[in-house]
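The primary structure of each chain is shown beneath.
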Amino acid sequence: DGMNVLFIVVDDLRPVLGCYGDKLVKSPNIDQLASQSIVFSNAYAQQAVCAPSRVSFLTGRRPDTTRLYDFYSYWRVHAGNYSTMPQYFKENGYVTLSVGKVFHPGVSSNHSDDYPYSWSVPPFHPSTEKYENDKTCRGKDGKLYANLVCPVDVAEMPSGTLPDIQSTEEAIRLLNVMKTNKQKFFLAVGYHKPHIPLRYPQEFLKLYPLENITLAPDPWVPAKLPSVAYNPWADIRQRDDVKALNVSFPYGPLPDDFQRQIRQSYYAAVSYVDMQVGLLLDALDDVGLSNSTIVVFTADHGWSLGEHGEWAKYSNFDVATRVPLMFYVPGMTTSSVSQGERVFPYLDPFSHILGLVPQGQSKKVVELVSLFSTLAELAGLQVPPVCPETSFHVALCTEGASIVQYFNASEDKMEEEKDGCDDTYRCFNEEPVAFSQYPRPADTPQWNSDKPKLKDIRIMGYSMRTIDYRYTVWVGFNPNIFHANFEDVHAGELYMVETDPNQDYNIYNNTSHGCFFKKILG
């Protein structure tokens, strides 16, 4: 009869989670989900910014096919009338529901979150979302500011709540309605935090005493980083607390103590979201649907926390493109669950919790663009066909192959990644690759480098991540005809994962990289 799907997507969440080996973070509920799931430790977004990434994974097409690199076009009008993942589930008899930030709101989802194509009922947005960027952060002087670092007293907030709390309440309400109506559902829940501003209930700060917070391991701009690759974090500079620091553009480092505060608040916001996820999964147990619901947990992209002297997303580095990705499939990732058995009892992040390890872990390199075909396969629906080379005219196809074949994690251990790298310069054919890309308006950092509008894009950075390396080429791009000119290479980057896991030492200029280049063209 097919399983339900609970699809949880978190805004700007890099894998700082206990289940990903982070020793500092308190994320007991997500770790508990991981302990019943297959967890992918090398999952990557196709573009490290909200709207392009979300439209890409919800349609199963890459940004060059959705033609969305900014926030200002709707793919059905501007590229092709592509079916989405929720639309496909809806056409296959599911009630599809959207809560919070699933599609990026605005033009890129037709000011309707793609309703009615994708959703059975109009999507829910928390009423307090509109206060996100208001002056709600109390400064030391008692006045209110629009800060980046913004722990708050929830009781003082408009309506006495926060958007993610409202989204959890609505998602729980919908689970109860689905249970009562015995309807098969695809419920997508999009959490806002840890997207900036880092506005969360202030009690989460006590989980992270400032003296325990370190700087990034590499808080400097790498010597051989091409200037086109650098993102100058303009959105952060516009916050009142950052503005007051008067940091020079584009490279001026933030003071160390403020870097620590940002990192502290990012972690606190992650624990706040963990609590929301815990309440949501506890409710799935309450309605007795944990044995018949697939749960997916992921993010739209990562977020730099001072690595390479960078903040925010907007780059091709792992810190911006790598995301958590896990799938709980009853009877597949865990032994079958009996009716009424509690799989996800709520865990309080403030109590000390022993670390839970993932049920299965795959190091295979995978992409978010594979979500559509993977979820279709897991739910027992026909997997949409692979897109032809040019697919603007094809309504239903995907550019990301299903990754269900990687779910048997024991095979991973047996192979011990035998397609790993003995010889850096060998061309590989079979290894999985994740492609990401990022547009720039110029070769040097500008005020619009982070989020250039389509008409201003002059360069596209195409990036390829394998288990062994990240290779990026920045090439000329004509936005009028959506053409990338690979004969016009502005800069390149090559990082070897084994010797340079943080991607600080670009060896592009002292390496022959003909075969990497062929592969990125392929």
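Residues numbered from 1 in each chain as written. Predicted model: local features only at pLDDT ≥ 70, side-chain atom pairs only at ≥ 80, totals over all residues. Heavy atoms only, no water.

Looking at an unreviewed UniProt entry, one finds the chain named Iduronate 2-sulfatase, with Grus americana as its source organism. What UniProt records for the chain under Subunit (unreviewed entry) is the sentence "Monomer. The 58-kDa mature form is composed of two chains resulting from proteolitic processing, the 42-kDa chain and the 14-kDa chain that remain stably associated and form the 58-kDa intermediate form which is enzymatically active." Per UniProt, the chain has the following entry under Subcellular location (unreviewed entry): "Lysosome". (UniProt positions renumbered as here; feature names shortened; annotations may be inferred.)

S.K.: I'm lost on the overall build of the chain in this one. Help?
M.R.: When its secondary structure is counted, the chain shows 13 helices and 17 strands. For the chain, the C-alpha radius of gyration of 22 Å lies close to 24 Å, the compact-globule estimate for 522 residues. Principal axes of the C-alpha set define a box for the chain whose edges measure 60 × 60 × 45 Å. Burial status across the chain gives 62% buried among its 522 residues. Relative to all contacts within the chain whose residues are 6 or more apart in sequence, the contacts with residues 24 or more apart total 76%. Of the accessible surface of the chain, which amounts to about 19800 Å², a share of 51% is contributed by carbon and sulfur atoms. (Helix = DSSP H or I, 4+ residues; strand = E, 2+ residues; numbered from the N terminus. Rg over C-alpha atoms; globule rule 2.2 N^0.38 Å. Buried < 20%, exposed > 50% of the residue type's maximum accessible area, 1.4 Å probe, protein only. Contact = heavy atoms within 4.5 Å. Areas by Shrake-Rupley, 256 points an atom, 1.4 Å probe, with all protein chains shown as cover.)

S.K.: Please clarify how the domain arrangement of the chain should be interpreted in this entry.
M.R.: Where interface size is given, it is often the accessible area lost as the parts come together that is meant. For the chain, the domain assignment lists domain 1 (4-406) and domain 2 (434-521). The C-alpha-based centres of domain 1 and domain 2 are spaced at 25 Å. Buried surface at the junction of domain 1 and domain 2, summed over both partners, amounts to about 3600 Å²; 57% is from carbon and sulfur atoms. Ranking the residues of domain 1 by area buried against domain 2 places Tyr69, Val228 and Asn316 at the top, with a combined share of 21%. (Domains from an automatic or database assignment. Buried area = accessible area lost by both parts, 1.4 Å probe.)

S.K.: Please explain the environment of valine 343 as it appears in this structure.
M.R.: Relative to the helices and strands, valine 343 resides in the loop between strand S12 (322-328) and strand S13 (360-367). You can call valine 343 buried: its relative accessible area is 9%. Separated by 153 residues in sequence, valine 343 and methionine 496 place their C-alpha atoms 40 Å apart. Contact partners of valine 343, with chain neighbours within four places excluded, come to Gln32, Gln36, Asp285, Ser290, Tyr328 and Val337.

S.K.: Just to check I follow, could you spell out unusual backbone geometry for this structure?
M.R.: In this model, tyrosine 115 is joined to proline 116 through a cis peptide bond whose omega is 5°. Backbone geometry at histidine 111 places phi at a positive 55°, although glycine is not the residue there. In this fold, histidine 111 is placed in the loop between strand S3 (95-100) and strand S4 (137-138). Judged by relative accessible area, histidine 111 falls into the exposed class, the value being 64%. Phi is positive for histidine 308, which is not a glycine, with a value near 60°. With respect to the helices and strands, the residue histidine 308 is situated in the loop between strand S10 (304-305) and strand S11 (311-312).

S.K.: In this structure, what is going on with the packing of helix H6 (residues 163-181) against helix H9 (residues 256-286)? I would like to understand it.
M.R.: What describes two packed helices is the angle between their axes and the distance between those same axes. Running from N to C, H6 and H9 cross one another at 10°; their axes reach a closest spacing of 9 Å. On the basis of their axis angle, the class for H6 and H9 is roughly parallel. Residues Asp164, Ile165, Thr168, Ala171, Ile172 and Leu175 of H6 touch H9, and the partners they reach there are Tyr272, Val273, Gln276, Leu279, Leu280, Ala283 and Leu284. For the contact of H6 with H9, a count of residues per class yields 10 nonpolar, two polar and one charged. (Axes fitted to C-alpha atoms, helices over the stretch in contact; angles between N-to-C directions. Parallel < 35°, antiparallel > 145°, perpendicular 65-115°, else oblique. Nonpolar A, V, L, I, M, F, W, Y, C, P; charged D, E, K, R; others polar.)

S.K.: In this structure, what is going on with the nonpolar core? I would like to understand it.
M.R.: The nonpolar side chains of a soluble globular protein tend to be buried with one another. The biggest cluster of nonpolar side chains holds 131 residues, and the ones touching the most others in it are Phe7, Phe40, Phe186, Leu187, Phe297, Phe327 and Leu375. The element best represented in this core is H9, accounting for 15 residues. The residue makeup of this core includes at least three contributed by each of domain 1 (4-406) and domain 2 (434-521). Apart from the residues within four sequence positions on either side, leucine 375 is in contact with Val5, Phe7, Met85, Phe89, Phe186, Ile294 and Val296. One finds Phe477, Leu494, Phe516 and Ile520 within the second-largest nonpolar core, a separate group that totals 19 residues. (Core = buried A, V, L, I, M, F, W, Y, C linked by side-chain atoms within 4.5 Å.)

S.K.: What should I look at first to understand helix H2 (residues 50-59) in this one?
M.R.: The buried fraction of H2 is high, at 10 of 10 residues. Within H2, burial applies to Cys50, Ala51, Pro52, Ser53, Arg54, Val55, Ser56, Phe57, Leu58 and Thr59. Against the buried residues of H2 lie strand S1 (4-10), helix H3 (63-66), helix H4 (75-78), helix H5 (85-91), strand S9 (293-299) and helix H11 (371-378). In the stretch just after H2, glycine 60 is the one whose phi turns positive, near 70°.

S.K.: Would you mind showing me how to read the pattern of salt bridges here?
M.R.: For side chains bearing opposite charge, pairing can occur when the charged atoms are close. This model, assessed by the stated rule, comprises 20 salt bridges. Of the charged contacts in the structure, one is a salt bridge between arginine 342 and aspartate 285, with a shortest N-O distance of 3.9 Å. In this pair, arginine 342 is assigned in the loop between S12 and S13 and aspartate 285 in helix H9, connecting sequence segments 57 residues apart. Note on arginine 342: relative accessible area 40%, which makes it partly exposed. Note that glutamate 431 is salt-bridged to lysine 519, the shortest N-O span being 3.4 Å. Placement of glutamate 431 in the loop between helix H12 (409-415) and strand S14 (434-440) and of lysine 519 in helix H13 (residues 514-521) is noted, with a sequence separation of 88 residues between them. The buried category is assigned to lysine 519, whose relative accessible area is 19%. Salt bridges here are not isolated pairs; linked through shared partners, they connect Asp11, Arg54, Lys101 and Asp300. (Salt bridge = Lys/Arg side-chain N within 4 Å of Asp/Glu carboxyl O.)

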